[in-house]
Amino acid sequence: MRLSLRDRYIRAMRVSLFKTTAGMCRIDAVAAISRKLLPLHCRKSMQIILCDNYDEISACAANIVKATVKAKPNAILGLATGSTPEGMYRCLIQDYENGDLDFSAVETFNLDEYYPLSAENEQSYHYYMNEKLFRYINVPADKIHILNGEASDPDAECKAYGDAISAAGGIDLQILGIGENGHIGFNEPDEYLRADVHKTGLTESTVNANARFFATRDEVPRYALTVGIGDILRAKKILLLASGEKKAAAVRALLDDHITTQNPASLLKVHSDVLLICDRAAYGE
Ligand code: GLP
């Protein structure tokens, strides 16, 4: 039987999938995973850890963040919002409270922020990050960077944010969720994508998906400030998290060899160190 390139790729992915079992996602297990998947990595393919459930995704992702910070205490972390990384943040808070993790030298850059929206608004990503992570751990306040959703000059805000990422030395580990339409950060499907930090409009799909966080759909801002695809691809390592069947179509598009601006996450295929951690539902099983 002659297999298409896509089928061969998916088959290669399947035989190399790492099946997690409860409790296996400790740092040493993650190191073992990396070794096991090294041949795939060398072929510049995305590595995948297939988890049984959301808690496994969260523990596994947190352990990779933890390993990164332990190896480099002044690591530059790119952080994401949305429901998906919440469990990972809970695990990191636990590690910090257990005295297992110290963020005192860490610097963080968030992916995006709605525009216009005040940092005090409960739906802002400023508010989210403070409530879900920062108020519980010890990242110094002046090392936390989130785009200002109230900037009077959004272009100047975006330029300064990109410059600050470069001045810090670039992102060591970028955490990403994925939109149902394949967006990463707020880089929405389009004919053209922007490489650097910019102001963008939100698609109807994203407004609908994110309306669940707001009292009414009309309250969802129609714009956002976001790091660009170039900023994301310059990160040294990328951790992409996906959970639930609503993400299955976007994840499926990561498993073939096509790259399209209509699925921004597909551009991650050109990066040599991307790890996708997902559950069976997001993987389409
Ligand atoms: C928002 C964020 C993205 C995030 C996406 C998915 O649109 N801008 O960074 O990845 O939502 O969110 P969730 O994890 O809630 O599905």
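Notes on the structure in this doc start here. What you are looking at is a predicted structure, and each value in this text was computed from that prediction instead of being measured.

On to the overall build of the protein, then. Within the protein, the regular secondary structure consists of 11 helices and 11 strands. When each of the 285 residues of the protein is scored for burial, the buried share is 42%. For the protein, contacts bridging at least 24 residues in sequence account for 79% of all contacts bridging at least 6.

Okay, the sheet that holds strand 5 (residues 112-115) next. With respect to topology, 3 strands assemble into an open sheet ordered 5-9-8, the strand pairing being antiparallel. For this open sheet the edge positions go to strand 5 and strand 8 (198-201), each flanked by a neighbour on one side alone. Ignoring which end each strand starts from, the neighbouring axes of this sheet average 30° apart. As paired elements, strand 8 and strand 9 (residues 223-226) share 4 bridges and run antiparallel to each other.

What follows covers the site of the ligand. Lining the immediate surroundings of the ligand are 14 residues, of which Ala80, Gly82, Ser83, Thr84 and Gly177 lie closest. Partitioning the shell around the ligand into residue classes produces 4 nonpolar, 9 polar and 1 charged.

Once that is clear, we can look at the environment of Ala249. Relative to the helices and strands, Ala249 resides in helix 10 (residues 248-252). Sequence spacing of Ala249 and Gly284 is 35 residues, and the spatial spacing of their C-alpha atoms is 7.9 Å.

Moving on to the packing of helix 4 (residues 54-71) against helix 5 (residues 86-97). Interhelical geometry of helix 4 versus helix 5 gives an angle of 55° and a closest axis separation of 8 Å. Taken together, the axes of helix 4 and helix 5 lie oblique to each other. With respect to the hand of their crossing, helix 4 and helix 5 are arranged in right-handed fashion. The segment helix 4 lies against helix 5, with Tyr54, Asp55, Ile57, Ser58, Ala59, Ala61, Ala62, Val65 and Lys66 engaging Gly87, Met88, Arg90, Cys91, Leu92 and Asp95.

As a further point, take helix 4. Compared with an ideal rise of 1.5 Å per residue, which puts 18 residues at 26 Å, helix 4 spans 26 Å between its outermost C-alpha atoms and is within 8% of the ideal. All of the buried residues along helix 4 are Glu56, Ile57, Ser58, Ala59, Cys60, Ala61, Ala62, Asn63, Ile64, Val65 and Val69.

Moving on, we come to the pairing of strand 5. Side chains Asp112 and Tyr114 project from strand 5 onto one buried face, and the interleaved Glu113 and Tyr115 project onto a second face that is buried too. Across 4 bridges, strand 5 lies against strand 9 in antiparallel orientation. When the bridges of strand 9 are listed, Glu113 appears paired with Leu225.

Further remarks concern the pairing of strand 7 (residues 173-176). What you see with strand 7 is no split at all: Leu173 and Ile175 on one side and Gln174 and Leu176 on the other are buried throughout. As defined by bridge partners, strand 3 (residues 76-79) adjoins strand 7 across 2 bridges and the pair is classed as parallel. Counted as the bridge partner of Gly78 is Gln174 from strand 7. Here strand 7 pairs with strand 10 (residues 237-242) via 4 bridges, running parallel. Along strand 10, the bridge assignment pairs Leu173 with Lys237.

Calculation criteria
- Residues numbered from 1 in each chain as written.
- Predicted model: local features only at pLDDT ≥ 70, side-chain atom pairs only at ≥ 80, totals over all residues.
- Helix = DSSP H or I, 4+ residues; strand = E, 2+ residues; numbered from the N terminus.
- Buried ≥ 20, exposed ≤ 12 C-beta atoms within 10 Å, placed from the backbone.
- Contact = placed C-beta atoms within 7 Å.
- Pairing = 2+ DSSP bridges.
- Axes fitted to C-alpha atoms, helices over the stretch in contact; angles between N-to-C directions.
- Near = placed C-beta within 6 Å.
- Nonpolar A, V, L, I, M, F, W, Y, C, P; charged D, E, K, R; others polar.
- Parallel < 35°, antiparallel > 145°, perpendicular 65-115°, else oblique.
- Left-handed = near helix turned anticlockwise from the far one by under 90°.
- Expected span 1.5 Å × (residues − 1).

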